[in-house]
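Observations on the three-dimensional arrangement
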Amino acid sequence: MGKLLVYLKDYKKESVLGPLFKLLEASFELIVPLVVASMIDVGMTNGDKGYIIKMCLVMTAFGLIGLICSVTAQYFAARAAVGFATRLRHELFAHVQKLSFSQMDSEGTSTLITRMTSDINQVQSGVNLVLRLFLRSPFIVFGAMIMAFTVDVKAALIFVVVIPVLSIIVFGIMLVSIPLFKKVQARLDGVLGITRENLTGVRVIRAFGEEEGEIRKFDGETDALKHMQMLAGRISALMNPLTYIVINGGLIALIYVGAVRVEAGILSQGQVVALVNYMSQILVELVKLANLIITVTKAVACGNRIEGIFEIPAGLKETGLTDTSKNQSVDGAKQEKGTVEFDHVSLRYHEGGEEALTDIHFKAQRGDTIGVIGGTGSGKSSLVNLIPRFYDVEKGSVKIDGVDVREYPLTGLRDKIGVVMQKAVLFEGTIRENLLWGNENASEDELWEALRTAQAEEFVLQKEKKLDEKVEQEGRNLSGGQKQRLSIARALVKKPEILILDDSASALDYATDAALRKSIKEMPGETTVFIVSQRASSLLHADTIIVLDDGNVAGMGTHEELLQSCQVYQEIYYSQFEKKEGVGA
Ligand SMILES: Nc1ncnc2c1ncn2[C@@H]1O[C@H](COP(=O)(O)OP(=O)(O)OP(=O)(O)O)[C@@H](O)[C@H]1O
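Residues numbered from 1 in each chain as written. Predicted model: local features only at pLDDT ≥ 70, side-chain atom pairs only at ≥ 80, totals over all residues.

The condition that has to hold: UniProt positions are given in the numbering used here, feature names are shortened, and annotations may be inferred rather than shown by experiment.
The name that an unreviewed UniProt entry assigns to the protein is ABC transporter ATP-binding protein, with the source organism given as Parablautia muri. Among the UniProt annotations of the protein, the heading Subcellular location (unreviewed entry) holds the following wording: "Cell membrane".

Printed below as a string of structure tokens:
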């Protein structure tokens, strides 16, 4: 948590002024009991109305000044806490962008969202409360005790007994409840996780009629949270009765000793009232202090979890070499733009886990169409994901234009590549805004050209506002096929040297799929295209088809060659060919 405090550095002034104004407010609070005492002893005893009014005015002035100090302190503390949290959120977000997909997979999206939202909020509350109370509460506790001693040493000895007993109760309860609050936080994370999973997968849940099961799961989690909160609440609830018993005992003792000493003429009535006020102030501040410590403990726990994310080293490292400089140094005058080479590549997602890809070796020339086929889980997506460095190889290397992809600046690398993922993802906005992700400077003509190639022109023309038609969050107002075609158009707007279509035509009918492949083939310039597909018919005309089986290359060649020599390919092809003979290939 300590390392996070560096983000407070822009708020040094606020972090100093906030506590200082709180101290000022506390100083006035400590003087008020003495003013009351004087009002009783001088004003009331002598029936001096003028003196009483004067003291009332002094108290009002103290109250007003205290209020101004308090509001000013709140302002500075809030400014520092909100500024700190905003900076922290920015930094965390930027750091998460630098994590590799494997690192994100191992943390989990839901965890990262919790770190970025509720954990940061908790830290923000902690910082705010610390700035307001960490000086004020101890100052009042010790200040009130010292003031009590200045009033009467013998009576103040009661404070010496009461304060430690109170402290033991307050901090004892706090010590027991802090681990419980941590458990409450963990349960809350569970509820958040289950809620998020349910809401993102709501369609599947309903399609499978799993609503009841989900409700039971959710109830189970919330019940567990409730029990934990009740337990923590019951223990915290002991605080008030116990502290009030002690404080009232103390007050009785104080009033008794005070009365005896007033009788003896050692103390005045006003002084006894001042002592009682100091005792009450101490109680209030000890309870505040305990709450502060609980909030701070929660904030530190959340801060440590955030720090844990910062401690994950940025998974994608760049050497910062430019593509052109390296190109020349590697290959002299020879221009290799658009070539993709896998040099004995192996990939493992987790240390100690199974290899997802083993010894993949091939070279695609500029303008080639490479088909990748294989059963589910055979490694097709894993293979193409290595090209834009969504994951890094474990062994070997992936080279573009003769240069290892790890040596490109990431933005430079990804500028060369257009990727259309298995799951089409669109963002809230208009069709135009989504397409411009590919190239923010693309002209109107270029957008329509990309839509034409992606077989999306017709349906966009049918929309009332054409390119300015609204796309809702996750593109939920579009069909699966429309989303896929828009995602393809978005990648084409980029005019990439390398285009990766990862099973991205699965929602298209055979005729549209064939038309799409034809228009991609006819695109101006020579784009190297990788098509991942489960459909053999989609890959018939590829220059090379890579057949994957359990992460290994089972065969490589043209359709005709593979049909002759590769058993895995024959199995795939004939299983589909029998059903779909003559359709759209
Ligand atoms: N992010 C990941 N973390 C861990 N393992 C993964 C990850 N992605 C894929 N795998 C594993 O790697 C293997 C290959 O998966 P991959 O997604 O590349 O297969 P695929 O051929 O594209 O499958 P499909 O056709 O079903 O999309 C599988 O065993 C899968 O469980």
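Some words on helix α17 (residues 480–493)
Counted only if it meets this: Labels follow the DSSP assignment, with helices taken as runs of H or I lasting at least four residues and strands as runs of E lasting at least two, numbered in each case from the N terminus. Multiplying one less than the number of residues by 1.5 Å gives the expected span of a helix. With C-beta atoms placed from the backbone, a residue is labelled by how many other C-beta atoms lie within 10 Å of its own: buried for 20 or more, exposed for 12 or fewer, partly exposed between the two. Residue pairs are scored as contacts if the distance between their C-beta atoms, which are placed from the backbone, is within 7 Å.
An ideal rise of 1.5 Å per residue puts 20 Å on 14 residues; α17 measures up with 20 Å between its terminal C-alpha atoms. Judged by how many residues are buried, α17 sits mostly within the fold: twelve of 14 residues are covered. Buried within α17 we find Q482, K483, Q484, R485, L486, S487, I488, A489, R490, A491, L492 and V493. At its buried positions, α17 is contacted by β6 (417–420), α14 (431–436), α15 (444–453), α16 (457–462) and β9 (498–502).

What about the packing of α15 against α17?
Two numbers describe a pair of packed helices, the interaxial angle and the distance between the axes. Which entries qualify depends on this criterion: Angles here are taken between N-to-C directions and fall from 0 to 180 degrees, while the axes themselves are lines fitted to C-alpha atoms, restricted in helices to the stretch in contact. Each angle is binned into one of four classes, with values under 35 degrees roughly parallel, values over 145 roughly antiparallel, values of 65 to 115 roughly perpendicular, and all other values oblique. The handedness criterion is simple: a crossing whose near helix is rotated anticlockwise from the far helix by less than a right angle is left-handed, and one whose near helix is rotated clockwise is right-handed. Any residue that is not Ala, Val, Leu, Ile, Met, Phe, Trp, Tyr, Cys, Pro, Asp, Glu, Lys or Arg is counted as polar, Gly included; the first ten are nonpolar and the last four charged.
Between α15 and α17, the least distance of the axes is 8 Å, while the angle of their chain directions is 130°. Here α15 is positioned oblique relative to α17, judged by the angle of their axes. Two packed elements cross with a definite hand, and for α15 against α17 that hand is right-handed. Contacts between α15 and α17 involve E446, L447, A450, L451 and T453 from the former and A489, L492 and V493 from the latter. When the residues that make up the contact of α15 with α17 are grouped by side-chain class, the tally is six nonpolar, one polar and one charged.

Observations concerning the site of the ligand
Put simply, the rule is: Each residue gets a C-beta atom placed from its backbone. If that atom is within 6 Å of a molecule or strand, the residue is near it.
Around the ligand, a shell composed of D105, Y349, A356, G374, T376, G377, S378, G379, K380, S381, S382 and Q422 is seen. The class makeup of the residues in the shell around the ligand is two nonpolar, eight polar and two charged.

Remarks on the sheet that holds strand β11 (residues 544–549)
Stated formally: Pairs of strands are assigned from DSSP output, requiring at least two bridges between the strands.
The strand order across the open sheet built from six strands is β6-β9-β10-β3-β11-β12, with neighbouring strands paired in mixed fashion. Two strands in the sheet have a free side with no partner beyond their single neighbour: β6 and β12 (552–557). Ignoring strand direction, the axes of neighbouring strands in this sheet form an average angle of 15°. Running over the sheet, α17 touches β6 and β9 and is turned about 175° from β6.

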